[in-house]
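A structural walkthrough
The primary structure of each chain is shown beneath.
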Amino acid sequence: MAKLYSLGYLVIFFTISRLVSIIGKPSITNEVLSHLDIATRLSVNISDATIATSTDFGKLVQEIPAAVLYPSSIHDIVKLINYSNNGAISAPIGVAARGHGHSVRGQAMSPNGVVVVMSSLNNNNNNNNNNGKIRVFWESSLGFYYADVGGEQLWIDVLHATLEHGLAPVSWTDYLYLSVGGTLSNAGISGQTFKYGPQISNVLEMDVITGKGELVTCSKRTNSELFFAVLGSLGQFGIIIRARIVLEKAPTRVKWVRVLYSDFSKFTRDQEKLISINDGMDYVEGSLMMNQSPPNNWRSSFFSTSNQSKILSLISKYGIIYCLEMVKYYDDQTANTVDKELQKMMRGLNFVFGHIFKKDTAFVHFLNRVRSGELMLQSKGMWDVPHPWLNLFVPKSSIMDFNVGVFLDIILRQNKSTGPILVYPTTRKRWDDRMSVVIPEEDTFYCVGLLHSSRFNDWEVLDGQNEEIINCCEKAGLNVKQYLPHYKTKEAWMNHFGKKWKIFQQRKSQFDPKMILSPGQKIFI
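Note that the structure is predicted; figures quoted are calculated from it, not measured. (Residues numbered from 1 in each chain as written. Predicted model: local features only at pLDDT ≥ 70, side-chain atom pairs only at ≥ 80, totals over all residues. Heavy atoms only, no water.)

**Here we look at the pattern of salt bridges**
According to the stated counting rule, one finds 31 salt bridges in the structure shown. A salt bridge links aspartate 360 to arginine 253, with the shortest nitrogen-to-oxygen separation between them at 2.8 Å. Taken as a pair, aspartate 360 in strand E14 (residues 356-362) and arginine 253 in strand E11 (residues 253-261) lie far apart in primary sequence, 107 residues in all. Aspartate 512 serves as the salt-bridge partner of lysine 508, at 2.6 Å between the closest nitrogen and oxygen. Judged by its relative accessible area of 2%, lysine 508 is buried. A single salt-bridge network, built from bridges that share partners, covers Asp148, Glu205, Asp207, Arg242 and Arg244. (Salt bridge = Lys/Arg side-chain N within 4 Å of Asp/Glu carboxyl O. Helix = DSSP H or I, 4+ residues; strand = E, 2+ residues; numbered from the N terminus. Buried < 20%, exposed > 50% of the residue type's maximum accessible area, 1.4 Å probe, protein only.)

**Some points on the packing of aromatic side chains**
Counted under the stated rule, the structure contains 33 aromatic pairs. Here the aromatic rings of phenylalanine 393 and tryptophan 431 are separated by 5.8 Å at their centres, their planes lie at 75 degrees, and the arrangement is edge-to-face. Residue phenylalanine 393 is located in strand E15 (residues 390-395), and its partner tryptophan 431 is located in the loop between strand E16 (421-427) and strand E17 (444-450); the two are separated by 38 residues in the primary sequence. Pair check on accessibility: phenylalanine 393 and tryptophan 431 agree, each one buried. Ring geometry for tryptophan 493 against phenylalanine 497: centres 6.0 Å apart, planes inclined by 25 degrees, an arrangement best described as stacked. With tryptophan 493 and phenylalanine 497 both in helix H17 (residues 490-497) and 4 residues apart, this pair spans about one turn of that helix. Just as tryptophan 493 is buried, phenylalanine 497 falls in that class too. One aromatic cluster in this structure is built from Phe237, Tyr487, Trp493, Phe497, Trp501, Phe504 and Phe524. The residue whose ring lies beneath arginine 371 is tyrosine 177, and the NZ or CZ to ring-centre distance is 4.0 Å. (Phe/Tyr/Trp six-rings, centres within 6.5 Å; stacked < 30°, edge-to-face > 60°. Lys NZ or Arg CZ within 6 Å of the ring centre and 35° of its normal.)

**Some words on the layout of surface pockets**
Considered as a void within the structure, the largest pocket measures approximately 750 Å³ in volume. If you trace the largest pocket, you find 38 residues lining it, with Glu474, Val480, Lys481, Gln482 and Tyr487 closest to the centre. Contributing elements (two or more residues each) for the lining of the largest pocket: E15, helix H16 (459-476), strand E18 (481-483) and H17. Broken down by element, the lining of the largest pocket gets its largest block of residues, 7 residues, from H16. Split into classes, the residues belonging to the lining of the largest pocket amount to 16 nonpolar, 10 polar and 12 charged. In this structure, the second largest pocket spans a volume of roughly 490 Å³. As for the second largest pocket, its lining consists of 22 residues, and the residues nearest its centre are Trp298, Met382, Thr418, Gly419 and Ser453. Those elements giving two or more residues to the lining of the second largest pocket turn out to be helix H14 (369-379) and H16. (1 Å grid on protein atoms, 1.4 Å probe; cavity = no way out; pocket = protein on both sides within 12 Å on 5 of 7 lines; lining within 4 Å. Points joined across faces, edges and corners; volume = space filled by probe spheres on them. Nonpolar A, V, L, I, M, F, W, Y, C, P; charged D, E, K, R; others polar.)

Below is the structure:
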């Protein structure tokens, strides 16, 4: 199997190389680049660096950049953007910041432009370790802790560095090997979002390099227009160099519970009940289980072998099962009361009798649960494969119709799904409408993630199913919004942003007038 996937990657490599030989070399020449004082940190032409940055986690899109910048400092990035602005590279060129390369549709690519490998800033850290770019402080006047974090840092490193102080951020993504700048450019969501808001709601201040090549410090009070513009902006207005992240005292362990439902209405009603409890659960997510989506997957191996047999029997009976996953944090001080609190919060839940499964595990293990699945797939050559993902925000008023039209009619009937399918609620009150991110207009909406994996020769089948889902939602008037969006036309982008489109355009003119940043999103092309 590993050889099969490796072969597929080689096919893509040679396809790209052949394509470049047909259409010609990128528009920026070696001669132009060699005259820049950052030339020694640029990799140009068709090289290992440009090939590596021509694709991403999705493996669906290939776009060759003209060059790749490995910055030794943030000033190298400032210089690059200024060169593009002032004509030193003949005409403005696209510049895309690449964190961990975990986008799925080429969002962090720059065709015929320059990709900035943000992790290179780590390699030139004076302290030669991540902690030099992750510093913890106490704000005595306001009474809270925060961390100043480099935008290139991975959240897993933020976790480890802050835990050294007994602290941790409160809002996470399910996968921690993502860059801080990358998730803040989108939103950063997970099962904690209903309680703490997305990651963009837990930022106090940022240093940002705008599309005009200006390094600006911004917050809610200082340069606030830039601050709100950048958060959830898909990288259109600035490159996040530093973010100040809210911290709280870190728990040490978690009570981790999963219960199963055969009735979608009971499943959603119980999820909404749990997220409405003040000081209740710390994490709530839901997922689908079908024959093609087994109980255990790469997101976490939660169920024992005996439990899996029990669950598969239930799936065989109903065709589709809905799993509600909840977590309560605790430490030594609350260890004696956490079980009673959990029992109280779960009272009245209408899951299938006898289908409750529990774990008690370390806080870090829970947050980093996806990593073991990733390593397992890597060992089998099954991680570096196409990922035709589709992520949606579905209004509460539409979720029942979504279940019938998408989960039951398309997903279950077609039997094509090859990965976890998530569905869980969050609340609009935890989001700030001044930010660039777009969410539904209702107080409660659902995060839906179809996290497919495929082989190199059949990803288009799943991508076609994604298109069918989107068309189904549009035809039924479900008013869904894409998260990590991808559209092919400007009109579709305008529809996505809706009432925010005008201010989004204004912000582009204000902070990136020559449209240099994040061309891979293809919003203004």
